[in-house]
Amino acid sequence: MKGDQLNIHHQLIRECQAGSRLAYEQLYKLYSGAMYNICRRMIRDGDEAKDLLQESFIDAFRKLPDLREINTFSAWIKRIVVNHCINSIKKKKLITSELDENFDQVEEAEDDFEYQKYTAAKIMDAIGELPDGSRTVLNLYLFEGYDHKEIGQILGITESASKAQYSKAKSKIRSRLESNSKSNVG
């Protein structure tokens, strides 16, 4: 983010902390698109993702007066959004039933699959078709930067179950991409 943009963001945050409704609207407009993308990666249903986005911003705006480090706003709001998504998934208990400890495949050391042959849209479609449990693990690991130990703690599973689900997700994505690629050739 360029210096001028950063200063504008800092000014908006300060104005929000002072209670400016206009600043809240502007800050929402600046960050809602990126935060919605996080919600959609983690939550399959678009309406539910929109609801979680709104709940996340309401929560963030309530807590904003207490934010001391304005420089951390972007990471702070992202963390709130991710936590809301995880809590929603946990409430539905979708993960617990899907994250099977018996799928004890070791995470691959190197992934030699050529993802660059596929568009981002095709890869995201394949991710969207994953079962909720493995999709959640993949999103937390690949996009949100959690390690498998943290994912295990967040989801109430073992570290090895997280690794297994991640490996399972990558395998299903590769399989889906390859089968779609073959069906488009013929």
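For clarity, every value in this text was computed on a predicted model and none was experimentally measured.

1. Examining the confidence of the model for the protein
Move 1: Mean pLDDT over the protein: 85, with 84% of residues reaching 70 or higher.
Move 2: Looking at the elements of the protein, mean pLDDT is at its lowest for helix H5 (residues 94-98), recorded as 51, and at its highest for helix H3 (residues 46-63), recorded as 96.
Move 3: pLDDT under 50 marks residues 101-109. Its contacts with residues more than four places away, or in other chains, come to 19 contacts.

2. Digging into the nonpolar core
Move 1: Within the largest apolar cluster, 47 residues are counted, with the highest numbers of intra-cluster contacts made by Leu27, Met42, Leu64, Phe73, Ile77 and Leu140.
Move 2: Only helix H1 (3-17), helix H2 (21-42), H3, helix H4 (73-92), helix H6 (120-128), helix H7 (132-143), helix H8 (148-155) and helix H9 (159-185) provide two or more residues apiece to this core.
Move 3: Once residues within four sequence positions are removed from consideration, Met42 is found in contact with Val82, Cys85, Ile86, Ile89, Arg135, Thr136, Asn139 and Leu140.

3. Topic: the environment of Leu12
Move 1: Tracing the chain through its elements places Leu12 in helix H1.
Move 2: Here Leu12 falls in the buried class, since its relative accessible area comes to 6%.
Move 3: Put simply, Leu12 and Leu22 are ten residues apart on the chain and 9.0 Å apart in space, counted from C-alpha to C-alpha.
Move 4: Each residue touching Leu12, except ones within four places of it in the same chain, is listed here: Ala23, Gln26, Leu27 and Leu30.

4. Examining the layout of surface pockets
Move 1: Reported here for the largest pocket is a volume of approximately 190 Å³.
Move 2: What lines the largest pocket is simply Asn37, Arg40, Arg41, Ile43, Arg44, Met124, Ile127, Gly128 and Arg135.
Move 3: At the level of elements, H2 and H6 are the ones that each hand at least two residues to the lining of the largest pocket.
Move 4: Residues belonging to the lining of the largest pocket are distributed by class as follows: three nonpolar, two polar and four charged.

5. Regarding the packing of aromatic side chains
Move 1: If you walk through the whole model with that rule in mind, you get six aromatic pairs.
Move 2: Both rings, one in Phe57 and one in Phe61, keep their centres 5.6 Å apart while their planes meet at 65°; by these two values the pair is edge-to-face. With a gap of four residues between them, Phe57 and Phe61 both fall in helix H3, about one helical turn apart.
Move 3: A relative accessible area of 17% places Phe61 in the buried class.
Move 4: Taken together, the ring pairs in this structure connect Tyr24, Tyr28, Phe57 and Phe61 into an aromatic cluster.
Move 5: The ring centre of Phe143 lies 4.5 Å from the NZ or CZ of Arg41, which sits over that ring.

6. Side note on the environment of Asp132
Move 1: Along the polypeptide, Asp132 turns up in helix H7.
Move 2: By relative accessible area, which is 16% here, Asp132 ends up buried.
Move 3: In the structure, Asp132 is positioned 89 residues away from Ile43 in sequence and 8.0 Å away in space, judged by C-alpha atoms.
Move 4: A distance of 2.8 Å separates the side chain of Asp132 from the side chain of Arg135, its partner in a polar contact.

7. Some points on the pattern of salt bridges
Move 1: For the structure shown, the criterion picks out seven salt bridges.
Move 2: The partner of Asp132 in a salt bridge is Arg44, with the nearest N and O atoms 3.7 Å apart. Of this pair, Asp132 sits in helix H7 while Arg44 sits in the loop between H2 and H3, and the two are 88 residues apart along the sequence.
Move 3: With a closest N to O distance of 2.8 Å, Arg135 and Asp132 form a salt bridge. Here Asp132 and Arg135 lie together in helix H7, a separation of three residues that amounts to about one turn.
Move 4: Accessibility expressed as a relative area gives 3% for Arg135, which makes it buried.
Move 5: Beyond isolated ion pairs, a larger network of salt bridges with shared partners links Arg41, Lys78 and Glu144.

What counts and what doesn't
Residues numbered from 1 in each chain as written. Predicted model: local features only at pLDDT ≥ 70, side-chain atom pairs only at ≥ 80, totals over all residues. Heavy atoms only, no water. pLDDT = per-residue confidence, 0-100. Helix = DSSP H or I, 4+ residues; strand = E, 2+ residues; numbered from the N terminus. Contact = heavy atoms within 4.5 Å. Core = buried A, V, L, I, M, F, W, Y, C linked by side-chain atoms within 4.5 Å. Buried < 20%, exposed > 50% of the residue type's maximum accessible area, 1.4 Å probe, protein only. 1 Å grid on protein atoms, 1.4 Å probe; cavity = no way out; pocket = protein on both sides within 12 Å on 5 of 7 lines; lining within 4 Å. Points joined across faces, edges and corners; volume = space filled by probe spheres on them. Nonpolar A, V, L, I, M, F, W, Y, C, P; charged D, E, K, R; others polar. Phe/Tyr/Trp six-rings, centres within 6.5 Å; stacked < 30°, edge-to-face > 60°. Lys NZ or Arg CZ within 6 Å of the ring centre and 35° of its normal. Polar contact = N/O pair within 3.5 Å; in protein donor to acceptor, adjacent residues only side chain to side chain. Salt bridge = Lys/Arg side-chain N within 4 Å of Asp/Glu carboxyl O.

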